[in-house]
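# Breakdown of the fold
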Amino acid sequence: MARSAPAIRAWAPPLRATVYLLGEFGTAAMTLLSFVLLCHPGMRRSWAEWHRQRAGRLLGRPVRAQSIALPRHLYWLALHLTLGLSCGLASVVCVGNALLVAAAPLQWWAFPVQGSPNTVLDIPVVGRQGAIAGGPSVETVLFAVGCLALPVLATGYARLTLTVLASSRTQLLADRVATLSRTRSDALEAHGAELRRIERDLHDGTQARLVAVAMRLAMARRCLDHDLVTVARMLREATDVTEEAMVELREVLRGIYPPILADRGLQGALRTVAARGGVPVSIDLGELHRIPAAIEAVAYFVVTEALTNVAKHSRATEAGLSVRRVEDMLTVVVTDNGVGGARENGGSGLAGLRGRAQALDGCVTVVSPVGGPTTITVELPCG
């Protein structure tokens, strides 16, 4: 199995390119047959977005949803009906001739002598010996075309698809302004809610306990001259209440900026969170270098909330945590093998994760089909 892995990897690009081009040939034919239906804006957008995602998977790059203007949709439809059909036809010719050459030695008798089919090299399939003799030369040509030409053709067409089906600079700027306005509003609301939470925790918890400490110390002072037993009891209770107030104060501070980040850094803090999770967590932490404190805090809270969701809702037996930094982008991926079906409005805290990330110009992607698995990907800019 280990020895066959390099061979499988070597054959993967031609196979993926062939499947991609065959799919483009089929979808181009469907586009031609259902052109009238694609005049509907919703169907046209869905059809184009599906092709964008397909091209992104071939190129191995994430493709985010964008607002694409009508002219670009029309350009792409014209491109798909011409160049897409032509590129797909090349793969059809390759695959068809390969199947013909492979079947010829076994079914040569089915081909008539007069008007027998020809392969791509114009070699007629006449008799068993002719089918066997012509096979290697045709297979060599098809192998060369399949390994060299089809991947280049598929990659070029996929890049062209993503280029045509991309938002214009004006549209990107408008979307950017709308996103920043929305995230700014969400950040202000989150900030106000956080301040109210801190005020409530301090008022209902720490402040009340400090008032109780002050009352006990005042009673102890009044009883100092004549009732030492009461003084000792008041001081003991004041000490206990002070310790409880300190614990609550630490909880409040932990909600502002976790002290574990300052003590152990992001990697150490994430390892601790994973170790305390309710399910076994496999950890893959890359070289993160120096990250701004605000990004560290959001990454920490995101992982904490995500692993808490795994333990509470997913019924998973194992989870995974991957944190990587590529240039100025920190990517956090949390996976589990649970039942899936996670929704932002289901009380799972996903809306809070998205709000924290978007407040720092980040994004959250949740893939959680019913039956699992669930993958939460958070991208945070570090620049």
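So, here is what we can say about the structure in this document. (Residues numbered from 1 in each chain as written. Predicted model: local features only at pLDDT ≥ 70, side-chain atom pairs only at ≥ 80, totals over all residues. Heavy atoms only, no water.)

### What about the side chain of Thr 161?
Rules: We count a stretch as a helix when DSSP gives it H or I for four or more residues in a row; a strand needs E for two or more, and each element gets its number in order from the N terminus. Exposed residues in this analysis have more than 50% of their type's maximum accessible area, buried residues have under 20%, and partly exposed residues fall in between, with area computed by a 1.4 Å probe over protein chains only. Any two residues whose heavy atoms approach within 4.5 Å are treated as being in contact.
One can find Thr 161 in helix α4 (residues 127–164). Taking the relative accessible area as the measure of exposure, Thr 161 reaches 1% and is therefore buried. If sequence neighbours within four positions are ignored, Thr 161 has contacts with Tyr 20, His 51, Ala 55 and Trp 76.

### Focus on the packing of helix α7 (residues 259–275) against helix α8 (residues 293–314)
Axis angle and axis distance: for two packed helices, these are the angle between their axes and the distance between the axes, and together they describe the pair. To be explicit about the condition: Only the contacting stretch of a helix is used when fitting its axis, a line to C-alpha atoms as for every element, and angles between N-to-C directions run 0 to 180 degrees. Each angle is binned into one of four classes, with values under 35 degrees roughly parallel, values over 145 roughly antiparallel, values of 65 to 115 roughly perpendicular, and all other values oblique. Note on convention: the crossing is left-handed when the near helix lies turned anticlockwise from the far helix by less than a right angle, right-handed when the turn is clockwise. Following the grouping adopted for this structure description, the nonpolar residues are Ala, Val, Leu, Ile, Met, Phe, Trp, Tyr, Cys and Pro, the charged ones are Asp, Glu, Lys and Arg, and the polar ones are all others, Gly among them.
Running from N to C, α7 and α8 point in directions that differ by 25°, and their axes come no closer than 10 Å. In terms of orientation, α7 and α8 fall into the roughly parallel class. Crossing handedness for the pair α7 and α8: left-handed. Here Ile 260, Leu 261, Leu 266, Ala 269, Leu 270, Val 273 and Ala 274 of α7 lie close against α8, whose contacting residues are Glu 296, Ala 297, Ala 299, Tyr 300, Val 303, Thr 304 and Leu 307. A per-class count over the contact of α7 with α8 returns 12 nonpolar, one polar and one charged.

### Focus: a nonpolar patch on the surface
How we decide: What goes into a patch is any residue over 30% in relative accessible area without a salt bridge, connected to like charges within 9 Å or, for nonpolar side chains (Val, Leu, Ile, Met, Phe, Trp, Tyr), within 5 Å. The protein chains shown are the only cover counted for residues, whose accessible areas, like all others here, come from Shrake-Rupley with a 1.4 Å probe. A carboxyl oxygen of Asp or Glu within 4 Å of a side-chain nitrogen of Lys or Arg is what we treat as a salt bridge.
There is a patch of nonpolar side chains on the surface, built from Leu 70, Leu 74 and Tyr 75 and spanning about 330 Å² of accessible area. Looking at the secondary structure, you find Leu 70 in helix α3 (residues 70–107).

### Looking at the sheet that holds strand β1 (residues 281–285)
This is how it is decided: Pairing between strands is defined by DSSP: at least two bridges between them are needed.
Strand order in the open sheet formed by five strands is β1-β2-β3-β5-β4, and the pairing between neighbours is mixed. The strands lining the two open edges of the sheet, one partner per strand, are β1 and β4 (363–367). Along the sheet, successive strands turn relative to each other by an average axial angle of 10°, direction set aside. As paired elements, strand β2 (residues 319–326) and strand β3 (residues 329–336) share eight bridges and run antiparallel to each other. The partner of Arg 325 across the bridge, within β3, is Leu 330. Each of β1, β2 and β3 is contacted by α7, which is oriented at about 170° to β1, the strand it contacts most. The sheet contacts of helix α9 (residues 350–359) involve β4 and β5 (374–381), and relative to β4 the element is tilted by about 150°.

### Let's talk about the pairing of β5
Of the pairings in the sheet, the one linking β3 to β5 comprises eight bridges and is antiparallel in character. Note on β5: the bridge partner recorded for Met 329 is Pro 381. In the sheet, β4 pairs with β5 via five bridges, with the strands oriented antiparallel. When the sheet's bridge partners are listed, Val 367 is paired in β5 with Thr 375. Once β4 ends, the chain turns through six residues before running back antiparallel as β5, passing Gly 371 with a positive phi of about 100°.

### As for the packing of α8 against α9
Direction vectors running N to C along α8 and α9 enclose 170°, while the axes themselves pass 10 Å from each other. As judged from the angle between their axes, α8 and α9 are roughly antiparallel. When the axes of α8 and α9 are compared, the crossing they make is left-handed. Contacts between α8 and α9 involve Val 298, Phe 301, Val 302, Glu 305 and Asn 309 from the former and Leu 350, Leu 353, Arg 356 and Ala 357 from the latter.

### With respect to the packing of aromatic side chains
Note the cut-off: Planes of paired rings set the category: under 30 degrees apart is stacked, over 60 is edge-to-face and the rest tilted, where pairs are Phe, Tyr or Trp rings (Trp by its six-membered ring) whose centres lie within 6.5 Å.
By the definition in use, this model includes two aromatic pairs. Ring centres of Trp 47 and Trp 50 lie 5.8 Å apart, and the angle between their planes is 10°; this geometry places the pair in the stacked category. Residue Trp 47 and its partner Trp 50 are located together in helix α2 (residues 41–59), separated by three residues, close to a single helical turn. Judged by its relative accessible area of 18%, Trp 47 falls in the buried class. Its relative accessible area of 39% is what places Trp 50 among the partly exposed residues. Their ring planes at 70° and their centres at 5.8 Å tell us that Tyr 300 and Phe 301 sit as a pair that is edge-to-face.

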